[in-house]
Structure formats: structure tokens, C-alpha cells
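One-letter residues, chain by chain:
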Amino acid sequence: MSASDPSLFQLEASPAKTVAEPLSDVVGVARVQLEGSAVMELDYAIPERFISRLVVGTRVMVPLQNQRQPAVVMAILESSPHQHRLKEIASIVGARPMFTPGLLKLADWVAEYYIVPVHRVLRSMLPQAVRDKPETFLTDSHLKLVKELPAEVMDKLHKTAPMQARILETLRSHGGEATLSDLRRDLPRAVSIIKPLLKAGYITRSEVRVERDPFQTEEFLPSQALTFTEEQQSVFESVMKALQAPKEARPMLLHGVTGSGKTEVYLQAIAEVLKSGKTALVLVPEISLTPQTIERFKARFSEKKDAIAVLHSHLSDGERHDEWFKVQEGRADIVIGARSAIFAPLERLGLIIVDEEHEPSYKQEDAPRYHARDLAVVRGHIERCPVLLGSATPSLESFQNAAIGKYELLRMTKRTDGKSMPLIRIVDMRLERRKGMGVSVANAGILSEKLRNAITSRLEKREQTILFLNRRGFNTSLSCSTCGEVVQCQDCAVPMTLHKKDNRLVCHICGARRMPPTKCPACNDPALKYGGFGTERVEAAVREVFPQARMARVDTDTMQRKNQLRDTLKDFRAQKLDILIGTQMIAKGLDFPNVTLVGVLNADTALNIPDFRAAERTLQLLIQVAGRAGRGEVKGEVFVQTYAPHSPAIQFSRHNDFEGFSQQELEHRQAFKYPPYSHVVLISSRGKHEAQAEFTLTTLHKRLAAKLPPGTLMGEPSPSSLTKAHGQFRFQLMMRSDRIRPLARYIQSVVESITLPQDIIVTWDVDPVNLG
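Residues numbered from 1 in each chain as written. Predicted model: local features only at pLDDT ≥ 70, side-chain atom pairs only at ≥ 80, totals over all residues. Heavy atoms only, no water.

A. The arrangement of helix α18 (residues 564-573) in detail. Listed in full, the buried residues belonging to α18 are Q564, R566, T568, L569 and F572. Residues of α18 that are buried sit in contact with α11 (291-300), β17 (464-468), β23 (551-554), β24 (579-582) and β25 (595-600). Among the residues trailing α18, Q575 stands out with phi positive, at a value near 60°. (Buried < 20%, exposed > 50% of the residue type's maximum accessible area, 1.4 Å probe, protein only. Helix = DSSP H or I, 4+ residues; strand = E, 2+ residues; numbered from the N terminus. Contact = heavy atoms within 4.5 Å.)

As C-alpha cells, then:
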């Protein structure tokens, strides 16, 4: 359906009373995409008063069926087939375009590749705070001394109006000017006190825009560029070649071991980009976007106040709004952010960096289900901009792209300053169990004897320890000893986790909470027993075994106050803490020179997931966590506790042998035609009625099987690994093909040709990172 389709015109022109005759000041036609509708593009007349401001990418309000709807200008035309019957654009939103031409091209690519309407892509490109309240800025009163008052006037004020005199003295101490908010910190009644001063002409008042800066209270000490190692210098020169000839540059994959100095390469490459008058975009996984990461960039580029904008989900709506407009107004030259920062409206883009490019959190879970790493490569191609992907454990998709020459492979195999990689020791927990591991009931099955001895040694030497477990809570299950019943969430097919501090069972899928039962829900026997352990129980065990140790726990249960993570990590860096216990929040992006011991308490968690990437994820996580140890002068040591010590992922991680693992794993993937040797599309159905959800997917499977594109492999419908979530039963169907675009178009055509049950939701995920 095109913009000139008669049916679309009639939708636009209805009802007849709202159809406006062409006016003499109409000077062109704008083709717009409605933000809240799957309708394709519509044409609207451009009034003369807007012609100087209206460009492609401008957000506008347009009349549609007696309402005003937000839309984006996708093209400006000289004429339209319906030139004499068009409605006018009602208003322009914002002083500048919300979308760059490059972002509009990217939106079209995302819509086609991920099988999603373009209006949903455009909505996802703008933060909600920007979309809902464009240019709603915080303001403050700016006060300024008009002139220096004679001493006799000040003496009189001190006697007759001491608070007014205090205001004037405060302004003088601030260089003659200050905001009303500044004054109110010391003088809460400043609003009423300044009125006579304004009337007397002693001070002036004007309204100024105030930035809601998430780092306003932080002080960043400037840092200088470090001297490169030989490997860093070689990589930097390769990046410089790409910057000098961006049109010919291939995406670069930097495979650098933990501690090899990848961030320093990023910083110096960005400095060169800024020198050339261009901008830079740095993507970091949400979990790695720690205060320490931001500090390194803020400290290096501290000369310009607004040089860096930070975009991530932990900002308040106001902070996110102001940081985004800092970019849109061209004040920020560098954007650091998580997944959605790939849509930052940077112009003159000179370099895109994707750190920890293997991280699954770069994949959006809801439509549009894009992968930010892949969009970085696409945006780099659109904007003729080099792209640098970095990781100590690259995704096998990226590694294979480098192997076949699509990407340029850059390597850094050594840590900086001659530091050695940590020694990794595998602890077979089966043997520990047999010899009666644990010094108490609380510690049983959590800390092996070897790990306990290693922690004791670190405490004696005043060195620090990190203990990692990717599970929250105290116990991870509650079951009946008599009948075997496991207490599950009523809306999700998962065991509920005990959070002992609150004495509640919690579902980690939907968040449901309940009191722990006193007897089995199935057989009424009181013989209930808890199993498994999470970070809360680890903390209790460590406190019992090492009562003298200073420790903190870092997970989403404890890090709820704003800046609490920042403050905890600051204390750890200042060596006010001996032991840090946590989940993935402490696995990446941290550099603490005094950490010489890392304990991985259960390396098998990811191995047992029914996903062809389970081994790859396990290896990546172990190498990344191990990389936190030995970054200072003392060699690091890592203890990996596992019940599967002979697993290839465990063994290859022990020797930090990513390339050996990838060679073996790629052979298996190729044999079964899994990525990177194919693209996967995962089609899912879910609903409150199990039979209906299954029947819907079975029917869709039959329709798809009728005329599969050549080279497509399709499995059978089956229950998802998480069979029920949020009260909905879940089924899935996997399709694989080496040509994704024909398959995507085919899926879209089949889905659009059938009528789905109203209470069943069918979704599809192109290149999913999680199966289930």
C-alpha cells in the first residue's frame, strides 16, 4: 500500500466537514508516518509558515479523524496526487528535527529485517520522556547584582533588613550572580526576601534552563592518555586507518583479553575523532555501565562541560530527557549508553564502539526486537562511519564474520604493564560433597574448603575477594520431602525463591510474593525442605565463616537506592570492604587492583539451560568474571566450583582459550546448521488457555509448511522451556535459514493472511539470543 492509495486518502479526508480547501499559503507536501498507527505514510500540505523549519525527520502534529496525531516527516515532495484535497500540518514539535536522515534509513532497515511496522521502530527511537514531554525543560531564576552597593547602604541593610543584606553578600561571594535554588539551600525564604531587592533595582532576575545532570554532584579529576603497549599501538594504528578512510573500512572486531587495555584504545581513538570535528557513540551493556566506566570517560574528556551524554535506564525521566536533548542540540560530542543509545541523534558520526559486544543484553526483548550490536554495524554503513566491536570473549557470530573477512580482526593477547592472567583452579564439587564439605549447616554446599582457605589467606594479606553467583535470594526452591511437590508460582512454571530478610517466597519471573507455607500444598505434610542457594544465603554463610570480614552484597535486592551501587563500589575501591558478593552486576566493567581472588560459586547455572548457546555463555561469563582478578601487582587466583568439571566450556575457560573453544563449538554449530551458519526466527504463541495457544501455533506451522522458501529448516511446535509465565501458557516454533530476508517476508505474508484468536498473542523474534 503506497501513500497515494485512494483508500488511505479517504481515511485522511474523513469526515467531510474537516476537509480543508487548499490555501494560498500551501507551498509543498510532507509525507509523514503516524507514530501510533500501522497505516503507511500519508501526505499533508505544508503551510508557508512552516516551510523554513520543516525538514525530513521533523516531528509534527497532524489532523486525523477529528484528532491531532504525532507523526514524523519521512519525505518532502513538490506535489501529491491529492494536492487539492490535503489537510495541513497542524504544528511542529520541537525546535529541531527529532530524527536525523541516517536514523530514518536505519528505521526502515529495522522494520524490514525484524518484521515490525516502521511506526513502532520510530516510537522506540525516542525515550518516552522525550516522546511524551518534548522540550519540557526545568527552569530556575538567575539573579545578578546590578552594581556594588556603597558601604553605608550595606550597613543600613544589615540593621534594617539583615536577610536582604545576606542575599547580597551571598551573590557577591558567587561572583555577582547565582540561581535562586543556590540561595534557597542556605535561605529557604529567599523567594520572598529578593522581592524588595528587585524593586529597589539592586538585583535583576531572569529565567534560565537548568540541566538535570545525573552527575552534578560528582567531581571527575582529569586524566591523561597512557602510553600504549606494542599491541595497543598496533590496534590503534588499524583504527586510525579506518578513521582516515571510513568508506572503505570494514567493521573491526577487537579480541583483547581482560586487562589488555581495550578502554584506553577506545579513549584515544575517540580523542582523534573529536579533533576532526566529529562525534562518537559508545555502547556498553547495561550491566557494565558502572560508575567506574562513566568516570573513565568523564575524566578523560573533562575540558568541555557537556562533552558527554549518558543514556541508560537507571536515569530519572527528567535526567534522560535532558541528556537526550544535550545530544539533539549538538552540545554533546560523545554518547555513552546501553542498548537504546544506538538511536542517539548524533550528527557527524565519526566512530561507533560496542564494548563487550557478545553481551545478550544488547538484544531488545520487546518489539522491535533489534540487536544493538548489529544495528551499530548497519548504522556505521549508513553513515559511512567506522565501527569497533570489542570483547575478551567475542560472540561466535562476530568471530566467524572476522574469520571469513567480513570484519577486520584485531588482537591483544597480553595484559598491560606485563601483568599475568589469573590462575584458574577448578573445584570438583562432587568430591567436596563426598568428604563432607562445609564447616556449618549454613555453609554446606556453598564454599569449598579450598575457597575458604584462599579467602582466609586474602584477609590476612589485606587483599580483596569477589564472590560471584548469578542467583538472587536465600534458597532457590521449597519442596516436600514426602511427595516431592515443589512450591511454584501460580502464574509461572518456576519454583519460588525464598528471600529470608522479608520471609517471603518470590517469583523471579512475574514478581509475585507469598508467605512460605507451613505444610505441603499437595499432601498437607509439614516435611518441607529448602534447596539451592542464592546471594542472600551466600552472604549469611560468609558472615558466619568470616565474622571479622567487611563485606557487601550487590544484586537488585540490595541496590535499590539511587547511587547505592556507586557508593558501594567506591567503598570497595577505597578498600573499606574485604569481600564483594554479587550477581552479574559485578561480573563486568570493574577494575580493582587489590582484588586477587575471585570465587565462582556455581559455574553450572548457565550450562543447564536448554539453549545451543549454553556452553558459549558459560565460557564467556567465566572468563569475564575471572578477569576481575589480578589487575594489580599481585597475581590473581580464581576458584571455579562446578559439578561438571570436564565440560568443554569449563576446561577451555580454565586456560583462557577462547579460540580453542570457538573452533570446537563452530564445528558443532556447522554440523547442525545453527548460527552463525544460519539465521534463526523463533515464533511464539502465548495465552491463558493452553490448548488454544498450542492449536494456534500448530495451525500457523501448517500454513508456513505449505510453501517454505528454499533452504529453510522448520521444527515442530513445542512448549517453551519456560512453559508458563505471567499466567500465560507458552509454545514456540524454530525456523532456520541462511537467507533471512526472504524468510522474514514469507513469515510476514503468512501471518497477515490468517486471523488469529483474539486472546492469543503471536510474536516472532529474528536472530533471538534466548530460546524459551
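B. Region of the structure containing the packing of helix α19 (residues 614-626) against helix α21 (residues 658-671). Interaxial distance between α19 and α21 falls to 11 Å at its minimum, and their mutual angle equals 170°. One finds that α19 runs roughly antiparallel with respect to α21. Mapping the contact onto sequence places A615, E616 and L619 in α19 and F658, F661, E665 and R669 in α21. Of the residues contributing to the contact of α19 with α21, the split by class is 4 nonpolar, no polar and 3 charged. (Axes fitted to C-alpha atoms, helices over the stretch in contact; angles between N-to-C directions. Parallel < 35°, antiparallel > 145°, perpendicular 65-115°, else oblique. Nonpolar A, V, L, I, M, F, W, Y, C, P; charged D, E, K, R; others polar.)

C. Examining unusual backbone geometry more closely. With an omega of 0°, the peptide bond between A367 and P368 qualifies as cis. Within the element layout of this structure, P368 appears in the loop between β13 (349-355) and α13 (372-382). Of the consecutive residues P675 and P676, the connecting peptide bond is found in the cis state with omega at 15°. On the secondary structure map, P676 appears in the loop between α21 and β27 (679-687). Phi at N66 is positive, roughly 65°, even though this residue is not glycine. Examined against the element boundaries, N66 turns out to sit in the loop between β3 (59-64) and β4 (67-77). Using a relative accessible area of 61% as the deciding quantity, one classes N66 as exposed. The phi torsion at Q575 lies on the positive side, around 60°, for a residue other than glycine. In this structure, Q575 sits in the loop between α18 and β24.

D. Quick look at the sheet that holds β24. One open sheet accounts for 6 strands, arranged β16-β26-β25-β17-β24-β23; its pairing is parallel. Both outer strands of the open sheet, β16 (423-428) and β23, are each paired with one neighbouring strand and no more. Pairs of neighbouring strands in the sheet enclose a mean axial angle of 15°, with direction left out of account. Sheet strands touched by helix α16 (residues 449-461): β16, β17, β24, β25 and β26 (637-642). Its angle to β25, the strand with the most contacts, is close to 160°. (Pairing = 2+ DSSP bridges.)

E. Representation of the sheet that holds strand β21 (residues 513-514) in the model. The sheet built from 3 strands is open, its strands ordered β19-β20-β21 with antiparallel pairing. One side of each edge strand has no neighbouring strand; the edge strands of this open sheet are β19 (497-499) and β21. Sheet analysis places β19 next to strand β20 (residues 504-506), joined by 3 bridges and oriented antiparallel. Bridged to T497 within β20 is V506.

F. Structural view of helix α17 (residues 535-545). Regarding α17, the residues found buried are T535, E536, R537, V538, E539, A541 and V542. Buried residues belonging to α17 abut β17, β19, β23 and β24.

G. Just the packing of aromatic side chains, in detail. All told, the structure shown has 10 aromatic pairs when counted by the stated rule. Relative to F661, the ring of F652 lies with its centre 6.1 Å away and its plane at 70°, an arrangement referred to as edge-to-face. Summarising the burial analysis for this pair, F652 and F661 share the class buried. By the ring-pair criterion, three or more aromatic residues cluster together here, those being W109, Y113 and Y114. (Phe/Tyr/Trp six-rings, centres within 6.5 Å; stacked < 30°, edge-to-face > 60°.)

H. How the structure looks around the pairing of strand β14 (residues 387-391). Most of β14 is tucked away: 5 of the 5 residues are buried. A two-sided burial pattern is seen for β14, the buried positions comprising V387, L389 and S391 on one face and L388 and G390 on the other. Taken together, the 4 bridges between strand β9 (residues 252-256) and β14 define a ladder with parallel strand orientation. Its bridge partner lying in β14, L254 is registered against G390. By the bridge criterion, 4 bridges tie β13 to β14 in an arrangement that is parallel. Across the sheet, residue I353 finds its bridge partner in β14, namely L388. In this view, the connection linking β13 to its parallel neighbour β14 by way of α13 has right-handed handedness. (Right-handed = clockwise from strand over helix to strand, strands pointing away.)

I. Representation of the pattern of salt bridges within the structure. Counted according to the given criterion, the structure contains 33 salt bridges. Its salt-bridge partner being E112, residue R745 comes within 3.5 Å of it at the nearest N-O pair. Linking R745 in helix α23 (residues 740-753) with E112 in helix α2 (residues 101-113), this pair joins segments that are 633 residues apart in sequence. Taking the relative accessible area as the measure of exposure, R745 reaches 47% and is therefore partly exposed. A salt bridge links D578 to R550, with the nearest nitrogen and oxygen atoms 2.9 Å apart. One end of the pair, D578, is in the loop between α18 and β24; the other, R550, is in the loop between α17 and β23, with 28 residues separating them in the sequence. With relative accessibility at 39%, the residue R550 sits in the partly exposed group. Connected through salt bridges with shared partners, the residues R425, R458, E463 and E637 form a single ionic network. (Salt bridge = Lys/Arg side-chain N within 4 Å of Asp/Glu carboxyl O.)

None of the figures reported here should be taken as evidence of function without further support.
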